[in-house]
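Report on the structure
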Amino acid sequence: VEQILPEVDQVMVMAPGKDPVPFVATDEETTGPLAMVGEERFVFVTGTVPTRTLALASVADGRITRRLTRVDADAIQGMAGSPDGTTIFYVDSGTVWAVPAGDGEPRKIRGGNGVAVDPRGRELLISLNEPAGVRLIRMPISGGSEQAVPLPGDLRLSTTPLGGNAIGQDGRIAVRVTPIDSWFWPAAILDPATGRVVRVPGGNEADMLSP
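These figures come from a predicted structure and were not determined experimentally.

Looking only at helices and strands, one finds zero helices and 18 strands in the chain. Taken over the C-alpha trace, the chain has a radius of gyration of 17 Å; the compact-globule value for 211 residues is 17 Å, and the two agree within 12%. When burial is assessed residue by residue, the chain has 43% of its 211 residues classed as buried. Looking at the chain alone, contacts between residues at least 24 apart form 31% of all its contacts between residues at least 6 apart. Carbon and sulfur atoms form 51% of the exposed surface of the chain, whose accessible area is close to 11,400 Å². Both charge centroids of the chain, one from 19 positive and one from 26 negative side chains, sit 6 Å from each other.

Quick look at the pairing of strand β13 (residues 123-130) now. Pairing analysis gives four bridges linking strand β12 (residues 114-117) to β13, with the strands arranged antiparallel. Considered in β13, the bridge of Gly114 is made with Ser127. Hairpin connection from β12 to β13: five residues lie between these consecutive antiparallel strands, with Gly121 at a positive phi of about 80°. Where β13 and strand β14 (residues 133-140) come together, eight bridges link them in antiparallel fashion. Considered in β14, the bridge of Leu124 is made with Met139.

Here four strands make up an open sheet; going across it, the order is β4-β5-β6-β7 and the pairing antiparallel. Single-partner strands in this sheet number two, and they are β4 (30-37) and β7 (64-68). Between one strand and the next, the sheet's axes are offset by a mean angle of 25°, whatever the strand orientation. Strand direction decides the pairing type here: strand β6 (residues 53-58) and β7, joined by four bridges, are antiparallel. Paired with Ala57 across the strands is Ile64, a residue of β7.

Turning to the sheet that holds strand β17 (residues 187-191), a few remarks are in order. What the three strands build is an open sheet, ordered β16-β17-β18; its pairing is antiparallel. Edge positions in the sheet fall to β16 (173-176) and β18 (196-199), since each has one partner strand and no second. Between one strand axis and the next, the sheet turns through 35° on average, direction left out of account. The pairing of β16 with β17 spans four bridges and is antiparallel.

Before going further, it helps to examine the packing of aromatic side chains. Inspection of every chain in the model, using the stated rule, returns two aromatic pairs. Considering the side-chain rings of Phe23 and Phe42, the 4.7 Å spacing of their centres and the 10° angle between planes classify their relative orientation as stacked. Of this pair, Phe23 sits in the loop between β3 (21-22) and β4 while Phe42 sits in strand β5 (residues 41-46); the two residues are 19 residues apart in sequence, bridging distant segments of the chain. Its relative accessible area of 3% is what places Phe42 among the buried residues. Here the aromatic rings of Phe42 and Phe44 are separated by 5.5 Å at their centres, their planes lie at 35°, and the arrangement is tilted. An aromatic cluster of at least three residues, connected via ring pairs, comprises Phe23, Phe42 and Phe44.

Turning to the confidence of the model for the chain, a few remarks are in order. Within the chain, residue pLDDT values average 88, and 91% of them lie at 70 or more. The least confident element of the chain, judged by mean pLDDT, is strand β1 (residues 2-4) at 53; the most confident is strand β10 (residues 95-100) at 97.

Here we take up the environment of Ala25. Along the chain, Ala25 falls in the loop between β3 and β4. Note: C-alpha distance between Ala25 and Ala57 (32 residues apart in sequence) is 8.7 Å. In contact with Ala25, other than residues within four places in its own chain, are Gly62 and Arg63.

Among the secondary structure elements, Asp61 is positioned in the loop between β6 and β7. With a relative accessible area of 49%, Asp61 lands in the partly exposed category. Looking at Asp61, its side chain comes within polar contact range of the side chain of Ser58, at 3.2 Å. In terms of polar contacts, Asp61 uses its side chain to reach the backbone amide nitrogen of Arg63, at 3.0 Å.

Conventions adopted
- Residues numbered from 1 in each chain as written.
- Predicted model: local features only at pLDDT ≥ 70, side-chain atom pairs only at ≥ 80, totals over all residues.
- Heavy atoms only, no water.
- Helix = DSSP H or I, 4+ residues; strand = E, 2+ residues; numbered from the N terminus.
- Rg over C-alpha atoms; globule rule 2.2 N^0.38 Å.
- Buried < 20%, exposed > 50% of the residue type's maximum accessible area, 1.4 Å probe, protein only.
- Contact = heavy atoms within 4.5 Å.
- Areas by Shrake-Rupley, 256 points an atom, 1.4 Å probe, with all protein chains shown as cover.
- Lys, Arg positive; Asp, Glu negative; His and termini not counted.
- Charge placed at Lys NZ, Arg CZ, Asp CG, Glu CD.
- Pairing = 2+ DSSP bridges.
- Axes fitted to C-alpha atoms, helices over the stretch in contact; angles between N-to-C directions.
- Phe/Tyr/Trp six-rings, centres within 6.5 Å; stacked < 30°, edge-to-face > 60°.
- pLDDT = per-residue confidence, 0-100.
- Polar contact = N/O pair within 3.5 Å; in protein donor to acceptor, adjacent residues only side chain to side chain.

In structure tokens form, the structure reads like this:
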């Protein structure tokens, strides 16, 4: 959860019945997008414009464990981490990049406006905001041919970036859609195997960053 304060942004952690508290053990500004990298760390944006960078912290205690010195994080719109904890994928100005979680030179993957990682660690899901609408493609993390994700003809996806963990263990995808009878963009679950879309109950008017 990201809380925007008058002077500084902070990544917060919340528990039922308790007030939110800062998640990262630092006095620096911390903000999203953020994503899990493996099971024990998460990656987030830290610092202030024009010197924002990526950092990794422990889920257990919020302690920063590494900073990625070669990533300019000023304009990152989306982020995802590989399940094995080795790679971070991020979207910057219409391009999807990959960078080693241990730090290193970013590598261009392809054009795209959102990215998520299959929990089995084999594929990326990339969203493309095009004049005709939002399109989804899958591509192997190791490289190879792309495959379009079929969408129902009447389905319109929001240009909101994908959440880094948008793909469930069963392959279904959390997206935002627009119904013909509403101005709002509710969250929904898309089953790419059947084309079925189920709207998530409630939260239709939520101003969410991504589901």
